[in-house]
Amino acid sequence: MLNKYARAFFTRVLTPFAAFLLRRGVSPDAVTLIGTAGVMAGALVFFPRGEFFWGTIVITLFVFSDLVDGNMARQAGVSSRWGAFLDSTLDRVADSAVFGGIALWYAGRGDDNVLCAVAIFCLASGQVVSYTKARGESIGLPVAVNGLVERAERLVITLVAAGLAGLHGFGVPHIDVLLPVALWVVAVGSLVTLGQRVVTVRKEAGEADAAAPGSEATS
Ligand SMILES: CCCCCCCC/C=C\CCCCCCCC(=O)OC[C@H](COP(=O)(O)O[C@@H]1[C@H](O)[C@H](OP(=O)(O)O)[C@@H](O)[C@H](O)[C@H]1O)OC(=O)CCCCCCC/C=C\CCCCCCCC
Ligand SMILES: Nc1ccn([C@@H]2O[C@H](COP(=O)(O)O)[C@@H](O)[C@H]2O)c(=O)n1
Ligand SMILES: [Mg+2]
Ligand SMILES: [Mg+2]
């Protein structure tokens, strides 16, 4: 949903910044790499220590690089298969750091095995949700569904809740409950999304196999 409705807005807002970086000789690949490193640093330095406010601020500063890199590539006319591969692969790395950082907090001083497990579930299910699309497309199917909770939703729900939960450290009472709520929402939403995508791929694969029997993908 966000990918459909918010992307156009952010493209407009970020285009001048993307043009500025291109003029300074920065490449889209550099933005992809630095953005991922920044998200990883924010998530893995701050979240395991329970510093959710500052972790979210750092992550938010860098996570928008995922919208800037593609914008730069398109403006410069250098969009490439390599760039698409790098972008998607590093998305998986960044997402692992975000949910891994939260899981480390609950495994340590956050001391909550259930929430640790939910965070790990968010990490794993998010990767599988993305994989369904990548694998479906790789065997020639359109995978004409995005589903309830795509990557942008996973990140926005989790980061808004983490940022606000971090205000607990500044004395705002009870606000830390937002993070567990967000994790449960992302976990359930990812499961629903996985179901939506598997059902779609099952249908598309059946139709494709019926239309061209004997041409099934083998790997
Ligand atoms: C006192 C308050 C403290 C609060 C602190 C600050 C809080 C700030 C909180 C949040 C900011 C969150 C920003 C998150 C932005 C996410 C941007 C982003 O990276 O989107 C990526 C997404 C997808 O990009 P790709 O096409 O490159 O990725 C594809 C995707 O990953 C596929 O995976 P799948 O979806 O299938 O699972 C893969 O299959 C594919 O391989 C891969 O290529 O881009 C978009 O979707 C574009 C839309 C972005 C919309 C961003 C909206 C941000 C909105 C609001 C921020 C609100 C902040 C408000 C804070 C208020 C707090 C009080
Ligand atoms: N280093 C990069 C990053 C991205 N691309 C191209 O942009 C597409 C992704 O666009 P986003 O707005 O989602 O970032 C990707 O599929 C590539 O075509 C690139 O070329 N190099
Ligand atoms: Mg990108
Ligand atoms: Mg991306």
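Cut-offs used in this document
Residues numbered from 1 in each chain as written. Chains lettered and ligands numbered in written order. Predicted model: local features only at pLDDT ≥ 70, side-chain atom pairs only at ≥ 80, totals over all residues. Heavy atoms only, no water. Helix = DSSP H or I, 4+ residues; strand = E, 2+ residues; numbered from the N terminus. Buried < 20%, exposed > 50% of the residue type's maximum accessible area, 1.4 Å probe, protein only. Contact = heavy atoms within 4.5 Å. Patch = residues over 30% accessible without salt bridge, like charges linked within 9 Å, V, L, I, M, F, W, Y side chains within 5 Å. Areas by Shrake-Rupley, 256 points an atom, 1.4 Å probe, with all protein chains shown as cover. Salt bridge = Lys/Arg side-chain N within 4 Å of Asp/Glu carboxyl O. Near = heavy atom within 4 Å. Polar contact = N/O pair within 3.5 Å; in protein donor to acceptor, adjacent residues only side chain to side chain. 1 Å grid on protein atoms, 1.4 Å probe; cavity = no way out; pocket = protein on both sides within 12 Å on 5 of 7 lines; lining within 4 Å. Sits in = over half its atoms within 2 Å of the grid points. Phe/Tyr/Trp six-rings, centres within 6.5 Å; stacked < 30°, edge-to-face > 60°. Lys NZ or Arg CZ within 6 Å of the ring centre and 35° of its normal.

Digging into the environment of aspartate 111
Link 1 in the chain: As for its placement among the helices and strands, aspartate 111 is situated in the loop between helix H5 (81-107) and helix H6 (113-138).
Link 2 in the chain: Taking relative accessible area as the criterion, aspartate 111 reaches 64% and is therefore assigned exposed.
Link 3 in the chain: The contact partners of aspartate 111, leaving out residues within four places of it in the chain, are Trp105 and Tyr106.

Some remarks on a nonpolar patch on the surface
Link 1 in the chain: Together, Val156, Val160, Leu164, Val177, Leu178, Val181 and Val185 line one region of the surface with nonpolar side chains, adding up to about 530 Å² of accessible area.
Link 2 in the chain: Where the nonpolar patch is concerned, the elements lending two or more residues are helix H7 (151-165) and helix H8 (178-211).

A closer look at the site of ligand 2
Link 1 in the chain: By nearness alone, 15 residues border ligand 2, and Arg7, Asp29, Asp66, Asp69 and Arg74 come closest of all.
Link 2 in the chain: For ligand 2, an oxygen atom lies 2.9 Å from a polar atom in the side chain of arginine 7.
Link 3 in the chain: Serine 80 has a polar backbone atom sitting 3.1 Å from an oxygen atom of ligand 2.
Link 4 in the chain: Here ligand 2, which alone exposes 460 Å², has 83% of that area covered by the protein.
Link 5 in the chain: Structurally, ligand 2 is housed in the largest pocket.
Link 6 in the chain: Of all the secondary structure elements, the ones that give two or more residues to the shell around ligand 2 are helix H2 (28-46), helix H4 (65-76) and H5.

A few points about the packing of aromatic side chains
Within a pair of aromatic rings, the relevant descriptors are the distance that separates the centres and the angle that separates the planes.
Link 1 in the chain: Summed over all chains, the structure comprises 9 aromatic pairs.
Link 2 in the chain: Ring pairing ties together the aromatic residues Phe9, Phe10 and Phe64, which thus form one cluster.
Link 3 in the chain: In this arrangement the basic side chain of arginine 49 is found over the ring face of phenylalanine 46, its NZ or CZ atom lying 6.0 Å from the centre.

What is shown is where atoms sit, not what they do.
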